[in-house]
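Per-entry structural report
Residues per chain are reported as follows:
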Amino acid sequence: MTTMRWRTLLAAGALALGLSGCVGVYKGTGVSINSSTRLDDTPRIAVLSAFQPELTLLLARLQGPAKHSVNGVEFTTGTLEGKPVVLFLSGISMTNATMNTQLVLNRFRITHIVFSGIAGGVNPKLHVGDVTVPAQWGQYLEVLMARETAPGRYSKPPFIKDATFPNFGMMHPRPVEVRSAAKPEIERKFWFEADPKMLEVARSIRNVDLANCSAGKCLPRKPQLVVGGNGVSGQAFMDNKAYREYTFKTFQANVLDMETAAVGMVAYSNGVPYIAFRSLSDLAGGGDGDGENEMGTFMGIAADNSAKVMLAFLAAWK
């Protein structure tokens, strides 16, 4: 082999070695950190909410807090009801929830995932302030936007076979593609089931004092806890009566939000059990008359009610 050939191979090898040393490394504030580095080795339950008001009560109850920051996300470790946890905000909507749920799994030893937050009511039998713990969650805004072939008539492309739910105008819901360690081949899946053991514990919860008044604003009835049924999530704030009615009829959903089904998908892909506690802050467009959305009025009640039930769950969890 010629000297020039040897030099070329050596240079290529050095370049490959240098590049491999850079994989998974990022720089921030002058410190290099490998992206696979664990921040904490204690087995913990990941407890997350979408935005700050949902996490306020939980942070106030946290014992022995210690803070970590990755990619601008603040993780706070400690104990809640005697259980080792890490609290953090997923951020609002599906992409943030997906990205930051995977981030906590990469950086901590997570045994279970628990979501606590507010949501919009879909089932007309539920009321603002109620806390729901669905048995499964689906991504109801993963849709085909069908072609309008005549006024008010929409046709699906013949090669799309999985849009089997009833449509809402041009919108035809579909399952999502997902892979996991247990099933490495791509599968299409709509419902992501909450962990049965966690649901069993949630069903055992009794005598949580759910608030119906806050800052001088009171609900007309005492909120209740509802365990089971369906929830749906999508990347839109939904405040439309007609679409709410369609969502209930099509998916038999009790509640909808903008994050939980994404968290459920990440949990499924990683083989980590999850459950979500969601309290109704509004009725997703189903309120009486033409009044404004009630989220701003009852958000505090709903956030604290969800957190109270979640704390009762942690206290009962073995």
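Refer to the preceding data block for the structure.
Residues numbered from 1 in each chain as written. Predicted model: local features only at pLDDT ≥ 70, side-chain atom pairs only at ≥ 80, totals over all residues. Heavy atoms only, no water.

Comments concerning the nonpolar core
- By size, the foremost hydrophobic cluster in this structure holds 38 residues, and its most contacted members are Phe-75, Val-104, Ile-110 and Ile-113.
- Setting aside chain neighbours within four positions, we find Val-104 in contact with Ala-46, Phe-75, Val-86, Phe-88 and Ile-110.
- One finds Leu-57, Leu-80, Val-85 and Val-201 within the second-largest nonpolar core, a separate group that totals 28 residues. (Core = buried A, V, L, I, M, F, W, Y, C linked by side-chain atoms within 4.5 Å. Buried < 20%, exposed > 50% of the residue type's maximum accessible area, 1.4 Å probe, protein only. Contact = heavy atoms within 4.5 Å.)

Comments concerning the state of the cysteines
- Taken as a whole and judged by the stated rule, the model has one disulfide.
- Each disulfide pairs two cysteine sulfurs, and for Cys-213 the partner residue is Cys-218, the sulfurs being separated by 1.9 Å. The chirality of the disulfide connecting Cys-213 with Cys-218 is right-handed, given an S-S dihedral of about 115°.
- In this structure Cys-213 comes out as partly exposed when scored by relative accessible area, which is 38%.
- Under the relative-accessibility criterion, Cys-218 is labelled partly exposed at 46%. (Disulfide = S-S within 2.5 Å.)

What about unusual backbone geometry?
- Despite not being glycine, Glu-81 has its phi angle at roughly 50°, a positive value.
- Within the secondary structure, Glu-81 sits in the loop between strand S5 (73–80) and strand S6 (83–89).
- A relative accessible area of 40% means that Glu-81 is categorised as partly exposed.
- Even without being glycine, Asn-207 reaches a positive phi, approximately 60°.
- Counting through the fold element by element, Asn-207 comes out in the loop between helix H4 (196–203) and strand S17 (213–214).
- Assessed through its relative accessible area of 80%, Asn-207 is described here as exposed. (Helix = DSSP H or I, 4+ residues; strand = E, 2+ residues; numbered from the N terminus.)

Section: the packing of aromatic side chains
- With the rule as written, the count across this model stands at 15 aromatic pairs.
- Aromatic pair Tyr-243 and Tyr-246: ring centres 5.2 Å apart, planes at 40°, arrangement tilted. One end of the pair, Tyr-243, and the other, Tyr-246, are both in helix H5 (residues 241–251), three residues apart, so they sit about a helical turn from each other.
- Among the aromatic residues, those joined into a cluster by ring pairs are Tyr-140, Phe-165, Phe-168, Phe-190, Trp-191, Tyr-243, Tyr-246 and Phe-251.
- The ring of Phe-192 has Lys-189 sitting right over it, with the charged end atom 5.6 Å from the ring centre. (Phe/Tyr/Trp six-rings, centres within 6.5 Å; stacked < 30°, edge-to-face > 60°. Lys NZ or Arg CZ within 6 Å of the ring centre and 35° of its normal.)

Here's the deal with the environment of Ala-146
- By the secondary structure assignment, Ala-146 is in the loop between strand S10 (143–145) and strand S11 (147–150).
- Taking C-alpha positions, Ala-146 is 6.4 Å from Met-171, a pair spaced 25 residues apart along the chain.
- Aside from chain neighbours lying at most four places away, what touches Ala-146 is Tyr-154, Ser-155, Met-170 and His-172.

Some points on the packing of helix H3 (residues 94–107) against helix H6 (residues 260–270)
- Contact geometry for H3 and H6: axes closest at 8 Å, N-to-C directions at 35°. Crossing geometry of H3 relative to H6 is assigned as right-handed. Facing Met-94, Ala-97, Thr-98, Thr-101, Gln-102 and Leu-105 of H3, the residues of H6 in contact are Ala-261, Ala-262, Val-263, Val-266 and Asn-270.
- Within the contact of H3 with H6, the residues separate by chemical class into seven nonpolar, four polar and no charged. (Axes fitted to C-alpha atoms, helices over the stretch in contact; angles between N-to-C directions. Left-handed = near helix turned anticlockwise from the far one by under 90°. Nonpolar A, V, L, I, M, F, W, Y, C, P; charged D, E, K, R; others polar.)

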